[in-house]
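This is what each chain is made of:
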Amino acid sequence: MSSQALQEPSAQRTRRRGFWYSFGRRRVLCAEACATGQANTLGFHNLWRRLQPVMRVLKGILNEITDQNAYRRHLTAHHAEHSGEEWRKFCDERWKAKAQRTRCC
Amino acid sequence: MSPGTTLQKPSAQRTGRQGFWSSFGRRRVLCAGAATGLSDPARTPRGPVRWWGKIVWAVLAVGAAFGMAAIADTRGEPVNSMWIVIAAVCTYLLGYRFYAGFVAARVMALDNRRATPAERLRDGHDYEPTNKWIVFGHHFAAIAGPGPLVGPTLAAQFGYLPGALWIIIGAVLGGAVQDFVVLFCSLRRDGKSLGQMAREEIGKVGGFTALITVLMIMILLLAVIGLVIVNALRDSPWGTFTIFATMPIALFMGFYLRYVRPGKVLECSILGFALVMAAIFGGQAVSQSATWAPWFTYSGLALSGALIVYGFLASTLPVWMLLAPRDYLSTFVKLGVIGLLAAGILALRPQLQLPALTRFVDGTGPVFAGKIFPFCFITIACGAVSGFHALISSGTTPKLLAKERHAHQVGYGSMLLESFVAIMALIAAASLQPGVYFAVNSPAGIVGATPAAASQTITNWGFPVTADQMQSLANDAGEKTLFYRTGGAPSLALGMAHIFVSTQGARHLLAFWYHFAIMFEALFILTVLDAGTRVGRFMLQDLVGHVWPKGGQSTWMPGMLGASALIVAAWGYFLIQGVRDPLGGINSLWPLFGISNQLLAAIALCVGTTVLVKMHRWKFMWVTCVPLAWLVIVTFAAGWQKIFSDSPAIGFLAQADVLARGPQTAATATLIFNNRLDAAVCGLFLVLVAVVLCDSIYSWVTILSGSRDVRSHESAFVPSQLVEEA
């Protein structure tokens, strides 16, 4: 991105190039601000960045509950790629063990 | 494992960063420092942040004290539920930080330098080092069942105070300690199960007894949760249609996941959830249709039959077809509704309508008979202490922990969260009008067979309610009647619906939220029911396999069908017995289940204490012995009363005698037999646990007196190569 474009008033830019362009520009600005250590002035981006670890953990829990992590481990262990057959094989193995575990009241 | 701080950091740095360990684990860290030649952590400079920390903990302690005082001292006026929430949260935080910290550092001496089974035996399947928060979520999803929702709702008949205090104190000093200790024991024994540990650490008798006890408890558990569903769906076309619809939905999900979009579990669960929501709306249309409503209106016996057939099918059909999709869906619904309930309580901050203590502390309660001691503790069961958690803590979870210290958060922390779920259920039940609560939860055999008679009886107890008021409430909830809905689930659903509609300010949504809550509870319970039946079948085949190897093969079809039929027949018998019971069934079955559950917890604590003794931590035996002693006193007192009490409402034998003196019919003969059977089952539980207890005590005494060699089965120390998470 040229520095001239970055200096252009945002209202003008939006009129000239439309909403989605300005939306994209904002992301670029955020990235540049992060790189130059000015990220603290960008509240939303900062908040998002702080939430990322939480989102990562939530995604991890979700993947664990849905057995996606276990499936990835299965693919790695068997040097296999995802396919319907592989998923069925994994599912049968996984649930054979899972169905024998006691459930809590 | 994400890269981060390595465990090889100097101990002084570690101490500065992990202040808690330096205070409680001082001796251990000193030893580690001395062994590795690192600096003395005692000389670590302490920054001002420590003082802020102390102030925060002091504020929490004051908060806990004020919370407890507010709920305990207030009489004659409604108390805001936030006081219970404050008391609970502050106590949990203090317990987690100080008591569990003490247990982790001094009693168990958790050591991150020791490789866990997940690291040593890593196989990509069962053993896999996993992020501690993910293990926490997994463990919580596994231990959170319907027990902590139903138990506190039933125990609310004594008032909110006994239940709230026991849930908070029992979890911090008993339940969470049990989960934590068993997790630790299994962690140091390659993730072995409770039965295996009991056999190795206590003796063969203990191990075999634990196995039999687990099987029997499973049968009772399935019967009692089946009864909860039957009572919730009886004569309720809306609820019945919704729950029936979840079965084809689960089958659809199973085929979708296996053949249409393999591996897309999240997508499939979202689809399944949307269909279940559609089924709730469809249920409303069905209940209002003169043509369709009779098709989904069933008596208790008919529903029991349907449930028994379902249990058999769920146990014999391939897992991917019914059990797996239902399990995924149930987990999401469970976590979502618990989160929603917590948010609703925090947003609404409802007043508790039930008094702190009701007149029924004397043992004359209509929900179940028996005095506050010991029956309040038996009834709450899973919300404070649950023996079943020991089976989870010694099964899957230890095989996933990347570091030993994660056991603190996962083992102890998860139980605190479950206890908080129980607190929320108690708040939901206690926020109902007392008259409504007793009208819903009292059986016709106690309050009277007509709405007018029931209202009059309950009003005479000092909890005013009218038949018109109950009918109006039933209309709002989309039900024909809300009288005699024993089992806890309907009153909890009503409490939850009340909180949800009050948060939204939309009374007209009561019917939707009521049935949403019923759907949540039923889905939750059916998941436990189908999985439990299958687990019971495996356990039975395992037992049979010792004497007849062919019968023990889980793939042999006749063996599989026979074992499934036996398990279903066993819990089905108790379920039908409960449905036919004139006192509502819950009165006899729930205490029996509670006793068995708490006795399993006693077995788990026996194993934990034996391990501590073998680790030469005998001076910390009180950590497990205090809850063990309490559980033994409570369960044996309750068991004794359930068998031998003179009151026919409490004692099985007394009730059988009363029935034997009356006119003899086939139904009476069955009731007499059932009461004697219940007494025998209860007595057998007590004998089995007494055997384990005596075996354990003998083991402790002989080890402590030096007349027996200490033979611990702890796995050898292997240094961990994994890096600590940042």
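Quantities reported herein were computed from a predicted structural model and do not represent experimental measurements.

This paragraph deals with the overall build of chain B. Within chain B one finds 29 helices and two strands. Its C-alpha radius of gyration of 26 Å places chain B within 12% of the 27 Å reference for a compact globule of 726 residues. In terms of its C-alpha atoms, chain B occupies a principal-axis envelope of roughly 80 × 60 × 60 Å. Here chain B holds 726 residues, and 56% of them are scored as buried. Look at the contacts in chain B between residues 6 or more apart in sequence, and 80% of them connect residues 24 or more apart.

If you tally the helices and strands in chain A, you get six helices and zero strands. If you list the helices and strands of chain A from N to C, you get α-α-α-α-α-α. When burial is assessed residue by residue, chain A has 15% of its 105 residues classed as buried.

Facing the 43 residues of chain B at the interface are 28 residues of chain A. Elements with a minimum of two residues in the side of chain B that touches chain A: α7 (132–143), α11 (204–233), α13 (265–288), α15 (323–348), α17 (388–393) and α24 (510–547) of chain B. Per-element accounting of the side of chain B that touches chain A gives the leading share, seven residues, to α7 of chain B. For the side of chain B that touches chain A, the per-class residue count stands at 24 nonpolar, 15 polar and four charged.

As a further point, take α7 of chain B. Residue and element names in this part refer to chain B. For α7, which comprises twelve residues, the first-to-last C-alpha distance of 16 Å matches the rise-based estimate of 16 Å (1.5 Å per residue) to within 8%. Burial analysis of α7 places twelve of its twelve residues in the buried class, which makes it a mostly covered element. Within the span of α7, buried status applies to K132, W133, I134, V135, F136, G137, H138, H139, F140, A141, A142 and I143.

Moving on, we come to helix α18 (residues 406–430) of chain B. An α-helical turn contains 3.6 residues, so any two residues separated by three or four positions project in the same direction. Its 25 residues give α18 of chain B an end-to-end C-alpha distance of 35 Å, which sits within 8% of 36 Å, the value for a rise of 1.5 Å per residue. Buried residues dominate α18 of chain B, accounting for 23 of its 25 residues.

This paragraph deals with the nonpolar core. Soluble globular proteins: nonpolar side chains tend toward being buried together. Residue and element names in this part refer to chain B. By size, the foremost hydrophobic cluster in this structure holds 251 residues, and its most contacted members are L426, A602, I603 and V607. The leading source of residues in this core is α24, at 21 residues. Once you skip the residues sitting within four places of it in the chain, V607 turns out to touch V182, C185, L194, M197, A198, E201 and I202.

Below, the discussion takes up the packing of helix α27 (residues 622–644) of chain B against helix α29 (residues 666–704) of chain B. All names here are of chain B. At a minimum axis separation of 9 Å, α27 and α29 run at an interaxial angle of 150°. Between α27 and α29, the angle falls in the class roughly antiparallel. Remark: the crossing between α27 and α29 carries left-handed chirality. Taking contact as the criterion, the partners of V632, F636, G639, K642 and I643 in α27 are, on α29, A679, C682, G683, F685, L686 and L693.

Along the chain, T481 of chain B falls in the loop between α22 (467–476) and α23 (489–504). The spacing of T481 of chain B and L313 of chain B is 168 residues in sequence and 32 Å in space, taken between C-alpha atoms.

All right, on to unusual backbone geometry then. For the bond from F373 of chain B to P374 of chain B, the omega torsion is 5°, close enough to zero to count as cis. Relative to the assigned elements, P374 of chain B resides in helix α16 (residues 372–380). Notably, D67 of chain A is not glycine yet its phi reads approximately 65°, a positive angle. The topology assignment puts D67 of chain A in the loop between α4 (43–65) and α5 (68–77). Given 22 C-beta atoms within a 10 Å radius, D67 of chain A is considered buried. In this model, Y484 of chain B sits at a positive phi of 60°, which is unusual for a non-glycine residue. Take Y484 of chain B: it is sitting in the loop between α22 and α23. The class of Y484 of chain B is buried, set by 23 C-beta atoms lying within 10 Å.

Residue and element names in this part refer to chain B. Examined against the element boundaries, D657 turns out to sit in helix α28 (residues 652–661). Take D657: there are 14 C-beta atoms within 10 Å of it, and that puts it in the partly exposed class. Sequence-wise, D657 and I672 are 15 residues apart; in three dimensions their C-alpha atoms are separated by 7.8 Å.

Here we take up the packing of helix α8 (residues 147–155) of chain B against α23 of chain B. Residue and element names in this part refer to chain B. At a minimum axis separation of 9 Å, α8 and α23 run at an interaxial angle of 95°. Of the possible angle classes, the one that applies to α8 and α23 is roughly perpendicular. Facing L149, V150 and T153 of α8, the residues of α23 in contact are A489, S491 and L492. Considering only residue class, the contact of α8 with α23 consists of four nonpolar, two polar and no charged.

We now examine the confidence of the model for chain A. Residue and element names in this part refer to chain A. Summary statistics for chain A give a mean pLDDT of 72 and a share of 59% for residues scoring 70 or more. Looking across chain A, the model is least confident in helix α1 (residues 3–7), with a mean pLDDT of 46, and most confident in helix α6 (residues 84–98), with 88. Contacts for the low-pLDDT stretch residues 1–6, under 50 throughout, to residues beyond four places or in other chains number two contacts.

Basis of the calculations
- Residues numbered from 1 in each chain as written.
- Chains lettered and ligands numbered in written order.
- Predicted model: local features only at pLDDT ≥ 70, side-chain atom pairs only at ≥ 80, totals over all residues.
- Helix = DSSP H or I, 4+ residues; strand = E, 2+ residues; numbered from the N terminus.
- Rg over C-alpha atoms; globule rule 2.2 N^0.38 Å.
- Buried ≥ 20, exposed ≤ 12 C-beta atoms within 10 Å, placed from the backbone.
- Contact = placed C-beta atoms within 7 Å.
- Nonpolar A, V, L, I, M, F, W, Y, C, P; charged D, E, K, R; others polar.
- Expected span 1.5 Å × (residues − 1).
- Core = buried A, V, L, I, M, F, W, Y, C linked by C-beta atoms within 7 Å.
- Axes fitted to C-alpha atoms, helices over the stretch in contact; angles between N-to-C directions.
- Parallel < 35°, antiparallel > 145°, perpendicular 65-115°, else oblique.
- Left-handed = near helix turned anticlockwise from the far one by under 90°.
- pLDDT = per-residue confidence, 0-100.

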